[in-house]
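Residues per chain are reported as follows:
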Amino acid sequence: MRLRLLPPTLVNRIAAGEVIERPAAAVKELVENALDAGATRIDVQTQDGGKALIAVSDNGCGMDREELRLAVERHATSKLPTDDLLNIHTLGFRGEALPSIGAVARLRLTSRPQGAADAWSLAVDGGAIADPAPAAAGAGTRVEVRDLFYATPARLKFLKSTRSETDAIKDVLTRLALARPEIGFFLTEGERALLKLPAEPLGDTGRLNRLAAVLGRDFAPNALPILAEREGITLTGHIGLPTYHRGTAAAQFLFVNGRPVKDKLLVGAVRGAYQDVLAHDRHAVVALYLDLPPTEVDVNVHPAKTEVRFRESGLVRGMIVGAIRHALAGAGHRASTAMTGAALGSFQAQPVQTHFTQWRPTDSRPAPALAEAAYRFQAPPAGFAPLPGMAQPSDFAPAARAEAPLPAPGEEAFPLGAARAQLHETYILAETRDGVILVDQHAAHERLVYEKLKAALADQGIARQALLIPEVVEMEESAAEALLARTADWQQLGLTVEPFGSGAVLVREVPALLGKLDLPDMVRELAEQARDLGDGFALTDRLHHVAATMACHGSVRAGRRLSVPEMNALLRQMEVTPNSGQCNHGRPTYVQLSRSDLERLFGRK
């Protein structure tokens with residue numbers, strides 16, 4: 001069989017298989033074109049999950065007749081004025097989207113440049129390009145894609161249900177909307193409006209408003225701002241408190257130079273930053289915006305441009321981890337407000353069995369002043385004795401215990417208040433100026449001990465243990481070179497390695513805290529990370545894991561009685577300890593109820 005050049009139509013269909021694998025990919029490419037055109041409002045209409053119709057309208061710069069004809073040719077673009085693929089400032093740059101879509105669907109473009117008198121329209125049907133024709137349209141561009149993949153029926157079999165495809169489109173548009181909060185985004189499927197995100201003002205306020213519109217109103221009060229800068233790289237955004245988490249990573253939004261990405265390096269950095277404060281089966285809620293010179297990142301490594309490659313990946317990862325951990329440490333004992341809602345939801349009114357007629361709520365309520373007077377009037381008088389048949393105080397074993405001396409007046413002014421009682425020898429009940437706080441004494445003390453152990457490791461260094469017989473670890477030659485290049489870093493962490501011929505290292509000392517371990521496996525893993533990421537996080541994490549285990553076994557257990565001074569001392573330590581709002585496993589250490597919450601529980605409001 002002789003070699004031959006494939007016809008242009010077939011070439012475009014092959015390219016479409018890489019770029020346009022589903023309707024959401026087509027929406028992504030078209031909306032990115034609208035953003036690059038300077039649009040301030042983008043409307044997307046779909047039918048049948050984008051399989052029957054995708055229509056994207058914008059108020060961008062528009063195209064004239066000549067540009068319209070050129071736009072559907074392969075590798076025709078206005079976004080590479082210097083032909084430099086390492087200095088890209090736009091979302092699109094390949095010039096493949098429109099010809100790829102036109103090769104597998106019925107495509108129509110209608111556009112009018114800003115300030116121009118005439119609009120033009122052009123149709124592409126399965127790769128066949130018609131001549132531009134005059135049209136009636138406002139300034140901007142409208143792109144209609146009908147019968148997607150009709151020219152490649154085999155691809156239709158791989159599409160999912162209408163609901164799944166619609167959800168994918170909404171997710172793509174949501175991520176682009178979070179990247180550009182100053183632009184309005186609107187999505188409709190048939191007659192249903194799925195997304196209404198009007199333009200927000202520039203700045204942190206507008207960005208937080210857009211995040212709240214996407215993630216829910218409870219995100220803003222549970223968010224921490226992020227701001228870090230290092231060697232020309234800027235990291236901004238907001239992250240959720242550790243106790244404000246989700247069951248999947250769908251609420252993690254990562255952007256590089258305004259481009260939404262799903263990069264493994266960035267996702268791993270977020271996971272590593274939350275490792276000490278989040279349960280392994282939960283995921284943080286974050287929106288991080290990384291801005292760096294275009295020459296420091298390669299965005300041309302994936303057909304869908306969802307992955308990137310950094311010139312200094314170790315610097316980027318370390319910056320993300322450091323910024324998130326710094327923000328979490330600054331939050332101190334702060335916990336998610338969602339815990340208050342969960343606590344209120346767990347309270348249920350229980351019927352009280354007495355010899356009196358059961359009280360039934362009515363729609364009519366007395367005035368607040370009259371209600372307070374009635375409460376005072378109904379209070380038991382001095383020397384009150386229960387009626388025969390009523391429960392006696394001695395019938396109940398005390399589940400709450402308070403010890404003298406009580407805290408001095410004014411201690412309620414502390415953020416976590418003053419201890420008033422211990423419940424079930426497990427929970428501390430504290431009174432604040434505006435409510436009450438319930439603290440899990442074991443979870444709280446576990447976090448305090450863990451943070452002290454980490455501080456001791458950082459201040460005093462890692463104790464080393466010399467191996468009786470040094471161990472030889474074999475690995476790839478490149479991995480061994482990367483490991484030996486960071487010998488000084490390993491020594492700071494208690495690991496001493498030396499070269500031992502080609503493709504092998506000799507381990508003489510290991511951190512004493514690690515105890516029994518699979519040394520070859522750990523060293524090889526460190527070598528891989530040193531080669532790929534240039535970091536020693538794996539060893540540090542192993543030490544922190546040991547510290548967490550020690551903290552769990554060395555902290556105050558549930559069932560231990562605490563005196564009032566001990567309880568108050570625990571509260572004061574929580575107030576000054578980083579990450580004390582959650583234990584080492586990610587569970588909350590306390591729940592707070594305000595006075596208004598209590599009044600709602602008892603029908604006073």
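Here's a quick rundown of the structure. Throughout this document, residue positions are counted from 1 along each chain, in the order its sequence is written. The model is predicted, so local features are restricted to residues of pLDDT at least 70 and side-chain atom pairs to those at 80 or more, both for listing and for counting; the totals for chains, interfaces and linings are taken over all residues. Excluded from the side-chain calculations are hydrogens and water; all other atoms, namely the structure's heavy atoms, are used.

### What about the overall build of the protein?
Secondary structure elements are taken from DSSP: a helix is a run of H or I of four residues or more, a strand is a run of E of two residues or more, and numbering for both begins at the N terminus. Scanning the protein from N- to C-terminus turns up 18 helices and 26 strands. When burial is assessed residue by residue, the protein has 45% of its 605 residues classed as buried. With the model as given, the accessible surface of the protein reaches about 31,500 Å², and the carbon-plus-sulfur share is 55%. Each residue is assigned to one of three classes by its accessible area relative to the maximum for its type, calculated with a 1.4 Å probe on protein chains only: buried under 20%, partly exposed between the two thresholds, exposed over 50%. Surface accessibility follows the Shrake-Rupley procedure with a 1.4 Å probe radius. Residue values consider only the protein chains on display as shielding.

### Points about helix α9 (residues 313–331)
A helix is expected to span 1.5 Å multiplied by its residue count minus one. Over its 19 residues, α9 runs 27 Å from end to end, which matches the ideal 27 Å to within 8%, given 1.5 Å per residue. When you tally the buried positions in α9, you get 14 out of 19 residues, the bulk of the element. Two residues or fewer after α9 comes Gly332, characterised by a positive phi angle close to 60°.

### Concerning the side chain of Lys51
Mapped onto the secondary structure, Lys51 falls in the loop between β1 (41–47) and β2 (53–58). Counted charges follow a simple rule, with Lys and Arg positive, Asp and Glu negative, and His plus the chain ends left uncounted. Salt bridges are defined by distance alone: a side-chain nitrogen of Lys or Arg within 4 Å of a carboxyl oxygen of Asp or Glu. One buried charged residue, Lys51, remains without a salt bridge, the closest side chain of opposite sign being Asp48 at 4.1 Å. Setting aside chain neighbours within four positions, we find Lys51 in contact with Pro23, Asp147, Leu148, Leu159, Lys160, Ser161 and Thr162. Whether two residues touch is decided by their heavy atoms; if any such pair falls within 4.5 Å, the residues are in contact.

### Side note on helix α17 (residues 564–576)
Between its terminal C-alpha atoms α17 stretches 19 Å, which fits the 18 Å expected from 13 residues at 1.5 Å a residue. Within the span of α17, buried status applies to Val564, Met567, Asn568, Leu570, Leu571, Arg572, Met574 and Glu575.

### Looking at the sheet that holds strand β23 (residues 464–474)
For two strands to pair, DSSP has to find at least two bridges joining them. Spatially, the three strands line up as an open sheet ordered β23-β25-β24, and their pairing is antiparallel. Every other strand in the sheet has two partners, leaving β23 and β24 (496–499) as the edge strands with one partner each. The average undirected angle you get between the axes of adjacent strands in this sheet is 20°. Pairing of β24 with strand β25 (residues 504–511), which is carried by four bridges, proceeds in the antiparallel orientation. Its bridge partner lying in β25, Pro499 is registered against Val505. The axes are straight lines fitted to the C-alpha atoms, using for helices just the contacting stretch, and the angles between their N-to-C directions are given from 0 to 180°.

### Considerations on unusual backbone geometry
At Asp147, a residue that is not glycine, the phi angle is positive and equals roughly 55°. Relative to the assigned elements, Asp147 resides in the loop between β7 (140–146) and α5 (153–156). On the basis of relative accessibility, which here comes to 33%, the residue Asp147 falls in the partly exposed class. Residues other than glycine seldom take positive phi values, yet Asn257 does so here, at roughly 50°. Along the chain, the position of Asn257 falls in the loop between β13 (252–256) and β14 (259–261).

### Examining the sheet that holds β13
On the basis of which strands lie adjacent, the open sheet formed by five strands has the order β10-β11-β16-β13-β14 and mixed pairing. With partners counted over all chains shown, the strands left at the sheet margins are β10 (223–230) and β14, one partner each. Ignoring strand direction, the axes of neighbouring strands in this sheet form an average angle of 20°. Relative to β14, β13 runs antiparallel, the two sharing three bridges. Looking across to β14, one finds that Leu254 is bridged to Val261. Packed onto the sheet, helix α8 (residues 264–273) meets β13, β14 and β16 (286–291) and runs at close to 130° relative to β13. Contacting β10, β11 (233–240) and β16, α9 runs over the sheet at an angle of about 140° to β10.

### Focus: the pattern of salt bridges
Close approach of charged atoms allows side chains with opposite charge to pair. Under the definition given, this model contains 18 salt bridges. For Glu144, the salt bridge identified is with Arg146, shortest N-O distance 3.5 Å. Given the relative accessible area of 17%, Glu144 is considered buried. Here Arg447 makes a salt bridge to Glu451, at a shortest N to O gap of 2.6 Å. With Arg447 and Glu451 both in helix α12 (residues 441–460) and four residues apart, this pair spans about one turn of that helix. Summarising the burial analysis for this pair, Arg447 and Glu451 share the class buried. Salt bridges here are not isolated pairs; linked through shared partners, they connect Arg106, Asp125 and Asp147.

Interpretation note: all reported values are geometric properties and have no functional meaning in isolation.
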